[in-house]
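Chains, contacts and geometry: an overview
Listed below are the residues making up each chain.
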Amino acid sequence: MEKGKQYTDDTKSVHAGMSDDEHLSVSTPIYQTSTFKFKNADHGARLFQGREDGYIYTRMGNPTIQALEQAVAELENGYKGLACASGMAAIQTIFATYLQAGDHIICSEAVYGPTHTLLATVFEKFGVEISFVNSENTREIEQAVRPNTKIVYIETPGNPTLAVTDLQAAAGIAHQANARLVVDNTFSSPILQKPLNLGADIVLHSMTKFLNGHADVVGGMIVAKTSEDYKTMRKILNLLGGVLGPMNSFLVHRGIKTLKMRMDRHCQNANKIAEFLEQHNKVERVLYPGLPSHPQHKVAQKQMSGFGGMISFEVTGGVEGGKTVMNNVQLCQLAVSLGGVETLIQHPASMTHAILSREERLEANITDGLVRLSVGVEDAQELIDDLDQALSKI
Ligand SMILES: *Cc1c(COP(=O)(O)O)cnc(C)c1O
């Protein structure tokens with residue numbers, strides 16, 4: 001790519017972070033090494049003092065990992081990226097960097113389950129104050145602000161209810177309070193939503209999902225908007241140690257080459273399926289940000305360039321209705337996780353959220369018949385036919 005030129009996401013997906021190694025390889029080489037040699041004692045000294053660029057030890061940096069970090073940072077319009085061993089490692093690194101005993105964090109209620117649990121167990125134990133709010137209602141964020149608020153943490157669209165939060169409004173509230181806005185952008189990928197452009201300070205991904213897209217790697221990424229935040233988090237990530245390895249970095253980077261194409265197809269397929277489900281007599285409601293019936297459809301239109309591949313819908317017949325669909329799909333795979341080329345289906349009440357009581361589930365808007373679908377890139381009509389025959393068994 002030409003230096004300084006602005007390219008579209010179609011081109012960036014293919015070229016961002018591309019290697020210019022000494023052998024002029026087209027794909028990024030896998031530097032499968034834990035450590036790097038120094039030319040002599042002075043060279044080692046200069047690297048450690050930061051007076052010369054170079055690699056020392058893979059936990060601190062590695063060319064294959066760095067290529068991926070650069071690719072995602074370019075797609076998010078950020079300063080630099082930090083590749084992490086998982087989405088949870090990314091989230092933990094951000095919290096450990098910016099929260100200390102006595103600090104306060106505001107977090108979306110519709111958030112990935114383990115994010116909620118990480119705050120409510122580990123960080124609560126370390127003396128951090130936590131408020132979970134319905135962040136799709138911007139006033140609830142505003143009302144939760146305290147003098148010691150350091151982070152406003154938003155996941156949008158949120159899991160599994162696909163609640164959408166207005167990111168520009170959230171950024172305004174966070175900055176008024178001298179706090180950072182941190183956004184989990186996993187459901188949208190940088191193709192459909194660019195939180196840093198909307199005022200966020202830090203964005204993170206579970207790369208396990210859309211960025212890698214092939215259900216064969218667990219990984220995470222943090223992208224900082226400023227060099228100061230990048231450097232601060234890099235120091236903490238080096239200490240906590242939750243870094244991604246070179247092989248997994250290579251695989252995710254390879255996946256990103258088709259990210260724009262895949263996201264286009266995920267959106268097209270999900271849109272068709274959401275419309276099909278909305279008129280089905282075994283479906284009570286459909287939650288998809290692209291449908292005019294979605295409560296925050298207008299906000300989604302404002303801040304997303306497409307509505308993604310995730311759909312939640314409520315079938316008739318409660319828990320049994322949900323299980324019937326699970327047991328009868330033939331093409332949709334019965335599995336948790338999301339964002340891969342293959343369509344996955346799961347039933348929160350009997351699976352991911354079965355450990356909660358029914359009351360706790362209902363409080364989180366997870367009703368008995370709620371089904372979560374991660375729409376893949378197969379033929380849309382064949383997916384619709386599969387869902388139709390499974391729904392007809394209720
Ligand atoms: C999966 C997921 C995570 C956690 O990522 P891992 O890679 O599984 O650690 C965080 N946020 C969201 C929205 C997710 O879907």
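A brief look at the structure comes next. What you see is a predicted model; the values in this text were computed from it and never measured. (Residues numbered from 1 in each chain as written. Predicted model: local features only at pLDDT ≥ 70, side-chain atom pairs only at ≥ 80, totals over all residues. Heavy atoms only, no water.)

With that out of the way, let us pick up helix 7 (residues 167-176). Every buried residue of helix 7 is accounted for by Leu-167, Ala-170, Ala-171, Ile-173 and Ala-174. Across the axial projection of helix 7, the buried residues extend over an arc of 165°, all falling on one side. Where helix 7 is buried, its residues contact helix 6 (138-144), strand 4 (149-155), strand 5 (180-184) and helix 12 (297-303). Capping the start of helix 7 is the job of one residue whose side-chain oxygen sits 3.2 Å from the backbone nitrogen of Gln-168: Asp-166. A positive backbone phi angle near 60° is found at Asn-178, which sits one or two residues after helix 7. (Buried < 20%, exposed > 50% of the residue type's maximum accessible area, 1.4 Å probe, protein only. Helix = DSSP H or I, 4+ residues; strand = E, 2+ residues; numbered from the N terminus. Arc of directions from axis to C-beta. Contact = heavy atoms within 4.5 Å. Polar contact = N/O pair within 3.5 Å; in protein donor to acceptor, adjacent residues only side chain to side chain.)

The next subject is the environment of Phe-36. Mapping Phe-36 onto the fold places it in the loop between helix 1 (9-15) and helix 2 (41-48). Given the relative accessible area of 17%, Phe-36 is considered buried. The sequence separation of Phe-36 and Asn-62 amounts to 26 residues, and the corresponding C-alpha distance is 9.0 Å. Excluding its chain neighbours within four sequence positions, the residues that come into contact with Phe-36 are Tyr-55, Ile-56, Tyr-57, Thr-58, Gly-61, Asn-62 and Pro-63.

Here Glu-22 shows up in the loop between helix 1 and helix 2. A C-alpha to C-alpha distance of 42 Å links Glu-22 and Met-310, two positions 288 residues apart in sequence.

Okay, the nonpolar core next. The biggest cluster of nonpolar side chains holds 44 residues, and the ones touching the most others in it are Leu-68, Val-72, Ile-141, Leu-181, Met-207 and Ile-256. Mapping this core onto the domain boundaries places at least three of its residues in each of domain 1 (9-256) and domain 2 (259-391). Residues within four places of Ile-256 in sequence aside, it is in contact with Ser-13, Leu-68, Val-72, Leu-75, Leu-211 and Arg-262. In terms of nonpolar packing, the next biggest core, distinct from the first, is built from 29 residues, Val-164, Ala-300, Phe-307 and Leu-383 among them. (Core = buried A, V, L, I, M, F, W, Y, C linked by side-chain atoms within 4.5 Å. Domains from an automatic or database assignment.)

This structure, assessed with the given rule, holds eleven salt bridges. Residues Lys-260 and Asp-10 are paired through a salt bridge, measuring 3.6 Å at the closest nitrogen-oxygen approach. Of the two residues, Lys-260 sits in helix 11 (residues 259-278) while Asp-10 sits in helix 1, which places them 250 residues apart along the sequence. Note on Lys-260: relative accessible area 18%, which makes it buried. (Salt bridge = Lys/Arg side-chain N within 4 Å of Asp/Glu carboxyl O.)

According to the stated counting rule, one finds two cavities of 30 Å³ or more in the structure shown. Within this model, the largest cavity holds a volume of roughly 50 Å³. When residues in the lining of the largest cavity are grouped by element, the largest group, three residues, is from helix 3 (residues 63-76). Among the residues making up the lining of the largest cavity, the classes are represented as five nonpolar, four polar and three charged. Its volume calculated, the second largest cavity comes out at about 30 Å³. Both domains that furnish three or more residues to the lining of the second largest cavity are identified here as domain 1 (9-256) and domain 2 (259-391). (1 Å grid on protein atoms, 1.4 Å probe; cavity = no way out; pocket = protein on both sides within 12 Å on 5 of 7 lines; lining within 4 Å. Points joined across faces, edges and corners; volume = space filled by probe spheres on them. Nonpolar A, V, L, I, M, F, W, Y, C, P; charged D, E, K, R; others polar.)

What follows concerns the packing of helix 3 against helix 10 (residues 246-256). At a minimum axis separation of 8 Å, helix 3 and helix 10 run at an interaxial angle of 35°. For the element pair helix 3 and helix 10, the recorded crossing hand is left-handed. Contact residues: Thr-64, Ile-65, Ala-67, Leu-68, Ala-71, Val-72 and Leu-75 in helix 3; Pro-246, Ser-249, Phe-250, Val-252, His-253 and Ile-256 in helix 10. For the contact of helix 3 with helix 10, a count of residues per class yields ten nonpolar, three polar and no charged. (Axes fitted to C-alpha atoms, helices over the stretch in contact; angles between N-to-C directions. Left-handed = near helix turned anticlockwise from the far one by under 90°.)

Ordered by their spatial adjacency, seven strands build an open sheet running 1-7-6-5-4-2-3, and the pairing between neighbours is mixed. Of all the strands in the sheet, just strand 1 (80-84) and strand 3 (129-133) have a single pairing partner and so form its edges. The mean inter-strand angle of the sheet, taken between neighbouring strand axes irrespective of direction, is 20°. Set on the sheet, helix 5 (residues 113-125) makes contact with strand 2 (104-108), strand 3 and strand 4; between it and strand 3 the angle comes to about 160°. (Pairing = 2+ DSSP bridges.)

The space that makes up the largest pocket amounts to roughly 1800 Å³. Breaking the lining of the largest pocket down by element, the ones donating at least two residues are helix 1, helix 2, helix 3, strand 1 and helix 9 (227-240). Residues that form the lining of the largest pocket fall into these classes: 16 nonpolar, 17 polar and 15 charged. The computed volume of the second largest pocket comes to approximately 940 Å³. As for the second largest pocket, its lining consists of 35 residues, of which Glu-109, Val-111, His-353, Ala-364 and Ile-366 are closest to the centre. Of all the secondary-structure elements, those providing two or more residues to the lining of the second largest pocket are helix 5, strand 8 (283-287) and helix 14 (358-363). Here the lining of the second largest pocket is composed, by residue class, of 15 nonpolar, 13 polar and seven charged.

Among the 13 residues in the neighbourhood of the ligand, the closest are listed as Gly-87, Asp-184, Ser-206, Thr-208 and Lys-209. At 2.9 Å, a backbone N or O of Gly-87 approaches an oxygen atom of the ligand. Separating an oxygen atom of the ligand from a backbone N or O atom of Met-88 is a distance of 2.9 Å. About the coverage of the ligand: the protein hides 93% of its 380 Å² of free accessible area. (Near = heavy atom within 4 Å. Areas by Shrake-Rupley, 256 points an atom, 1.4 Å probe, with all protein chains shown as cover.)

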